[in-house]
Amino acid sequence: MPLSDLSLNQIQLFLKAAEFRSFTATAAFFHTTQSAVSKSIAGMEGALGFPLFLRSRGHLTLTESGQYLYERWQGLMGSLTAAVQEAERRYQDQRVCFTIGVPDSLISGWEAPYLENFSRRCPEVELSYHVVPANQLLPRLETGELDLTITGFYETPVVERMGLAWKTCVMVPNLAIMHRSHPLAGRETLRMEDLREQELIMLSPTENASYFEYVYRRCAQHGFQPRIQTLLPGFRSMMETLLRTHRGIILSNRFIFEADNPELRCLEIEGLHTGMILVWKERDCSAPLRQLIAAFPTEEDPPAL
């Protein structure tokens, strides 16, 4: 009889039935029914051409042939199980998982094609994503909770002070985001000077000093200080405030949450660009992580801060 006529499942059922001397106990062990076990063993005996058990009033006794197969197959199954466990251990040792931090204000998808291409080329590397407030990304990278972060270009000075490695991977125009009822909403573009007398909705410096300093620098480069309407703890709070009050202007880019809301106008600020950067710890950068970083494009000429 060809061995292919028997399944591994049948052999496992037989070994456990031989151990328990009971189809009922075997069924309970494998979370199946007694009739399913009995039918499987009967099919096995039919394929072999000889009985494996003597059945009497629910009690099972191995036949001489059954005892012989039990002794031989028990050792083989033990070796097979050990081999599978060792193969799994080797796989786990080789498997790599990277955790990528993404700001909760980021709604874009620009990064998806690069991550998908990387996953196709390196299927052994698993990627997981932590969506967290922007001000938590760099601290979590520093402590090792994250392997790589995607964050705003405005974080570059802090990144450099922390001694972290980074690259700019996408650049877009700076936007002035406002409600459609705002007096400037009818314009096609704006200059930074147009914001001199306008109230800005900004992140609180205690929550995100990088963004606060970035806006102040942009305004100072054009000879004025920002007029602050309100300070808020996060980008989503800023956008929600703008949508509810219809007042104020937010400086950001097209990747921010709700930027495509039809109630809002997003006007490019002439001559000003911003974007997204990748950040990582160079001292912890393995070869697979470098492959992941290389999967993203590199913007050669990021704007000066």
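Each value, and the rule that gives it
Residues numbered from 1 in each chain as written. Predicted model: local features only at pLDDT ≥ 70, side-chain atom pairs only at ≥ 80, totals over all residues. Heavy atoms only, no water. Helix = DSSP H or I, 4+ residues; strand = E, 2+ residues; numbered from the N terminus. Rg over C-alpha atoms; globule rule 2.2 N^0.38 Å. Buried < 20%, exposed > 50% of the residue type's maximum accessible area, 1.4 Å probe, protein only. Areas by Shrake-Rupley, 256 points an atom, 1.4 Å probe, with all protein chains shown as cover. Lys, Arg positive; Asp, Glu negative; His and termini not counted. Charge placed at Lys NZ, Arg CZ, Asp CG, Glu CD. Phe/Tyr/Trp six-rings, centres within 6.5 Å; stacked < 30°, edge-to-face > 60°. Patch = residues over 30% accessible without salt bridge, like charges linked within 9 Å, V, L, I, M, F, W, Y side chains within 5 Å. Salt bridge = Lys/Arg side-chain N within 4 Å of Asp/Glu carboxyl O.

1. Concerning the overall build of the protein
Scanning the protein from terminus to terminus reveals ten helices and eleven strands. For 305 residues, the compact-globule estimate of 2.2 N^0.38 gives 19 Å, and the C-alpha radius of gyration of the protein, at 32 Å, exceeds that figure by more than 25%. Evaluated residue by residue, the protein yields a buried proportion of 45% over its 305 residues. When the accessible area of the protein is evaluated, it comes to approximately 15,800 Å², of which 51% is carbon and sulfur surface. Taking the average place of the 29 positive charges on the side chains of the protein and the average place of its 36 negative ones, the gap between the two points comes to 4 Å.

2. Remarks on the packing of aromatic side chains
For any pair of aromatic rings, geometry is given as the distance between the ring centres together with the angle between the planes. Tallied over the entire structure, the rule returns 15 aromatic pairs. Ring centres 5.9 Å apart and planes at 90 degrees place the aromatic pair Phe23 and Phe53 in the edge-to-face group. Taken together, the residues Phe23 in helix 2 (residues 23-29) and Phe53 in strand 1 (residues 53-56) connect sequence positions 30 residues apart. With respect to burial, Phe23 and Phe53 carry one shared label: buried.

3. Remarks on a nonpolar patch on the surface
A surface patch of nonpolar side chains, amounting to about 250 Å² of accessible area, comprises Leu8, Leu80 and Val84. Counting through the fold element by element, Leu8 comes out in helix 1 (residues 8-20). Taking relative accessible area as the criterion, Leu8 reaches 44% and is therefore assigned partly exposed.

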